[in-house]
Amino acid sequence: MLNYEGGGSLLLRLQGGKFAEDGSRAARPCCAMERDIMSEIIKTDVVIVGAGPTGLFAVFELGLLDIKAHLIDILPKPGGQCAELYPEKPIYDIPGFPMVTGQGLVDNLLQQIEPFAPTFHYNEMVEGLDVLGTPEAPAFRVRTDGGKVFEAKVVIVAAGGGSFQPKRPPVATIEAYEHKSVFYAVRKMEDFRDRTVLIVGGGDSALDWTLNLHPIAKRVILMHRRDDFRAAPHSVNAMRELVASKQMDLLIGQIAGLKGEDGQLSAVSVKTADGVSDIACDRLLPFFGLTMKLGPIADWGLNLHEQLVPVDTEKFETNAPGIFAIGDINTYPGKLKLILSGFHEAALAAQKAHRYIYPEKKLHFQYTTSSTNLQKKLGVA
Amino acid sequence: MTKITFIDASGQSRTVDAEDGSTVMEAALKNSIPGIEAECGGACACATCHVYVDDAWVEKLGKAEQMEEDMLDFAFDVRPNSRLSCQIKVRAEIDGLTVSTPEKQG
């Protein structure tokens, strides 16, 4: 079990090997302050969307060509699916590694790109993209949901299966309540003060927020589909003590429907062993894990084919000059969704990116084994 | 070969031949069965190969293991006959198995 408590998220725990906890990426108590500070524009050569293995290796290939990169990822840590879906699973088809775990590969990549000092922006989803330049001299403005603004000559989309987003419970009308009385993360604890809060789920996010909101909420009700919790045993014990002393309620059941008006919840219908009944509450926090969605990239004006971005196989550039797509998110004849394909694509995309970023410079192909110039950049010469 | 039938949310039924030793999820992907996504590729890490097992087969398949139950917490519209198809091994004894795919996978 890997506990992750960094990145400004106080209550985030990710379980090793699991499609883990529960949309907690937005649990950022400092977010309002961050937003004010970050309204100035970050200028860089390349913005890489996605810090999975392909995005990380792109930093290396760009770095050898003196190109600086900023990486943006919706997760609170690097590694993408390798770190989020299968950190402990062995991978057998990385060239030169007979076996490496998902997290092992990510750790090695981070070490490999360290000389190029990339800047990481975690817990951020790229929302908007504006074209500033021309096809010959592209430039883009990239905006995130956290309010950060970047200006770059090249954008490399290495977004894998898309962005990890919270899963919705199976209730048709839920969208009308979202961000008003139904939340998939706690951004501001004050939103829950003196409220009757129904928290649904059995993992660390559900249990942590049960324990943390209990002191300020009017009443906290935790509901899970079975009387068995994945969360850390000490949180489960603490919850059971609160239930035993009648300071909160525990229900074994599932959401059957929502009641309320104008997005303001008044009750949740729940299905338990005793049948369907209404639980009066004015806040609902479902924690059902994360799923991958293409997200706002779909609105960037890129050609799409079945949720994938078509690219050429010479430069891995999209239909928009200056925007590249590498790794699992792209498609071309013969495409294989392998990490090694993403590495190859990163190397070729970097060559073309160099032409946009240094139009006046001629690029001489060099090997890291023999080039003192490259070795200097890697800090080994 | 073992026959497995998938019924989608609209009621359409598709029967496929599955290789013994593989999983029901793999049989679905190989035969392009709609409604099975299997984002994680069978690592029991995503709950997007969720199926409802036909009542007649629930007992024969046995209970889900702890890891699968934990993952089912993340599935869409979980019911008592919910399973993750990547955790159901294809074998001669399950010849004729029928499963339904949910309206959506998460």
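Remarks on the overall build of chain B
In step 1: When you go through chain B residue by residue, the secondary structure sums to three helices and five strands.
In step 2: Shown N-terminal to C-terminal, the secondary structure of chain B runs as helices and strands in the order β-β-α-β-α-α-β-β.
In step 3: When the backbone C-alpha atoms are referred to their principal axes, chain B occupies close to 30 × 25 × 25 Å.
In step 4: By residue count, 42% of the 106 residues in chain B fall in the buried class.

Digging into the interface of chain B and chain A
In step 1: Listed per partner, the contact involves 13 residues of chain B and 18 residues of chain A.
In step 2: When its residues are assigned to classes, the side of chain B that touches chain A shows eight nonpolar, one polar and four charged.

A short note on the domain arrangement of chain A
In step 1: Each assigned domain of chain A is listed here: domain 1 (38-164 + 292-377) and domain 2 (168-287).
In step 2: Summarising the inter-unit geometry, the C-alpha centres of domain 1 of chain A and domain 2 of chain A are found 38 Å apart.

Digging into the packing of helix α2 (residues 53-64) of chain A against helix α4 (residues 102-113) of chain A
Two quantities define a packed helix pair, namely the angle between the axes and the distance from one axis to the other.
Residues and elements named next belong to chain A.
In step 1: Where α2 meets α4, the axes come as close as 9 Å, and the angle between the chain directions of the two elements is 20°. As summarised for this structure, α2 and α4 are arranged roughly parallel, according to the angle between their axes. Judged by the sense of rotation from one axis to the other, the crossing of α2 with α4 is left-handed. Seen from α2, the contacting residues are Pro53, Leu56, Phe57, Val59, Phe60 and Gly63; seen from α4, they are Leu105, Val106, Leu109, Leu110, Gln112 and Ile113.
In step 2: Taken together, the residues that form the contact of α2 with α4 break down as 10 nonpolar, two polar and no charged.

What about the sheet that holds strand β10 (residues 196-200) of chain A?
Residue and element names in this part refer to chain A.
In step 1: With mixed pairing, six strands are arranged side by side in an open sheet as β14-β13-β12-β11-β10-β15. Only two strands of the sheet have a single partner each, and these edge strands are β14 (275-280) and β15 (283-286). In this sheet, adjacent strand axes meet at a mean angle of 35° when their direction is disregarded.
In step 2: Strand direction decides the pairing type here: β10 and strand β11 (residues 219-224), joined by five bridges, are parallel. Bridging from a neighbouring strand, leucine 198 pairs with isoleucine 221 of β11.
In step 3: Of the strands in this sheet, β10, β11 and β15 touch helix α5 (residues 204-213), which is tilted by about 165° from β10.

What about the sheet that holds strand β2 (residues 13-18) of chain B?
All names here are of chain B.
In step 1: Strand order in the open sheet formed by five strands is β2-β1-β5-β3-β4, and the pairing between neighbours is mixed. Two strands close off the open sheet at either side, each with one partner strand: β2 and β4 (82-84). Looking at each pair of strands side by side, their axes are set apart by 40° on average, direction ignored.
In step 2: Across four bridges, strand β1 (residues 2-7) lies against strand β5 (residues 97-100) in parallel orientation. Among the inter-strand pairings, threonine 5 is bridged to a residue of β5, identified as threonine 98.

Comments concerning the environment of threonine 144 of chain A
In step 1: With respect to the element layout, threonine 144 of chain A can be found in strand β7 (residues 140-144).
In step 2: Between the C-alpha atom of threonine 144 of chain A and that of alanine 51 of chain A, which follows or precedes it by 93 residues, the distance is 15 Å.

A closer look at the nonpolar core
Residues and elements named next belong to chain A.
In step 1: Ranked by internal contacts, the top residues of the largest apolar core, which has 122 residues, are Ala58, Val155, Ile156 and Val157.
In step 2: Per-element tally for this core: the top contributor is helix α7 (residues 339-357), with eight residues.
In step 3: Structurally, this core is a two-domain feature, drawing no fewer than three residues from each of domain 1 (38-164 + 292-377) and domain 2 (168-287).
In step 4: Apart from the residues within four sequence positions on either side, alanine 58 is in contact with Ile48, Ile156, Ala158, Ile326, Ala346, Ala349 and Ala350.

Describing the confidence of the model for chain A
In step 1: For chain A, the average pLDDT comes to 89, and 90% of its residues sit at 70 or higher.
In step 2: Confidence over residues 1-36 of chain A falls short of pLDDT 50; this stretch has 89 contacts with residues more than four positions distant or in other chains.

Observations concerning unusual backbone geometry
In step 1: Here the phi dihedral of asparagine 123 of chain A falls at roughly 60°; this positive angle occurs in a residue that is not glycine.
In step 2: The phi dihedral of alanine 38 of chain B falls on the positive side, at around 50°, and the residue is not glycine.
In step 3: Tracing the chain through its elements places alanine 38 of chain B in the loop between α1 (24-30) and β3 (50-53).
In step 4: Alanine 38 of chain B sits in the buried class, given 21 other C-beta atoms within 10 Å.

Considering the pairing of β5 of chain B
All names here are of chain B.
In step 1: Of the two faces of β5, only one is covered, namely that formed by Leu97 and Val99; the face formed by Thr98 and Ser100 stays uncovered.
In step 2: Direction of pairing for β3 relative to β5: antiparallel, over a ladder of two bridges. Opposite valine 53, over in β5, you have valine 99 as the bridge partner.

Describing α2 of chain A
Residues and elements named next belong to chain A.
In step 1: Given a rise of 1.5 Å per residue, 12 residues ought to cover 16 Å, and the 17 Å separating the end C-alpha atoms of α2 matches this to within 8%.
In step 2: Where burial is concerned, most of α2 is hidden: 12 out of the 12 residues are buried.
In step 3: Within α2, burial applies to Pro53, Thr54, Gly55, Leu56, Phe57, Ala58, Val59, Phe60, Glu61, Leu62, Gly63 and Leu64.
In step 4: Looking one or two residues past α2, aspartate 66 carries a phi angle of roughly 65°, positive in sign.

Here we look at the pairing of strand β13 (residues 264-272) of chain A
Residues and elements named next belong to chain A.
In step 1: Relative to β13, strand β12 (residues 249-261) runs antiparallel, the two being bridged by eight bridges. Residue pairing across strands places glutamate 261 opposite glutamine 264, the latter belonging to β13.
In step 2: Where β12 folds back onto β13 in an antiparallel hairpin, the turn is made up of two residues, including aspartate 262, whose phi is positive at roughly 50°.
In step 3: Bridging between β13 and β14 involves six bridges; their strand directions are antiparallel. Of the residues in β14, the one forming a bridge with alanine 267 is alanine 280.
In step 4: Between β13 and β14, which pair antiparallel in sequence order, lie two residues.

The rules behind each value
Residues numbered from 1 in each chain as written. Chains lettered and ligands numbered in written order. Predicted model: local features only at pLDDT ≥ 70, side-chain atom pairs only at ≥ 80, totals over all residues. Helix = DSSP H or I, 4+ residues; strand = E, 2+ residues; numbered from the N terminus. Buried ≥ 20, exposed ≤ 12 C-beta atoms within 10 Å, placed from the backbone. Contact = placed C-beta atoms within 7 Å. Nonpolar A, V, L, I, M, F, W, Y, C, P; charged D, E, K, R; others polar. Domains from an automatic or database assignment. Axes fitted to C-alpha atoms, helices over the stretch in contact; angles between N-to-C directions. Parallel < 35°, antiparallel > 145°, perpendicular 65-115°, else oblique. Left-handed = near helix turned anticlockwise from the far one by under 90°. Pairing = 2+ DSSP bridges. Core = buried A, V, L, I, M, F, W, Y, C linked by C-beta atoms within 7 Å. pLDDT = per-residue confidence, 0-100. Expected span 1.5 Å × (residues − 1).

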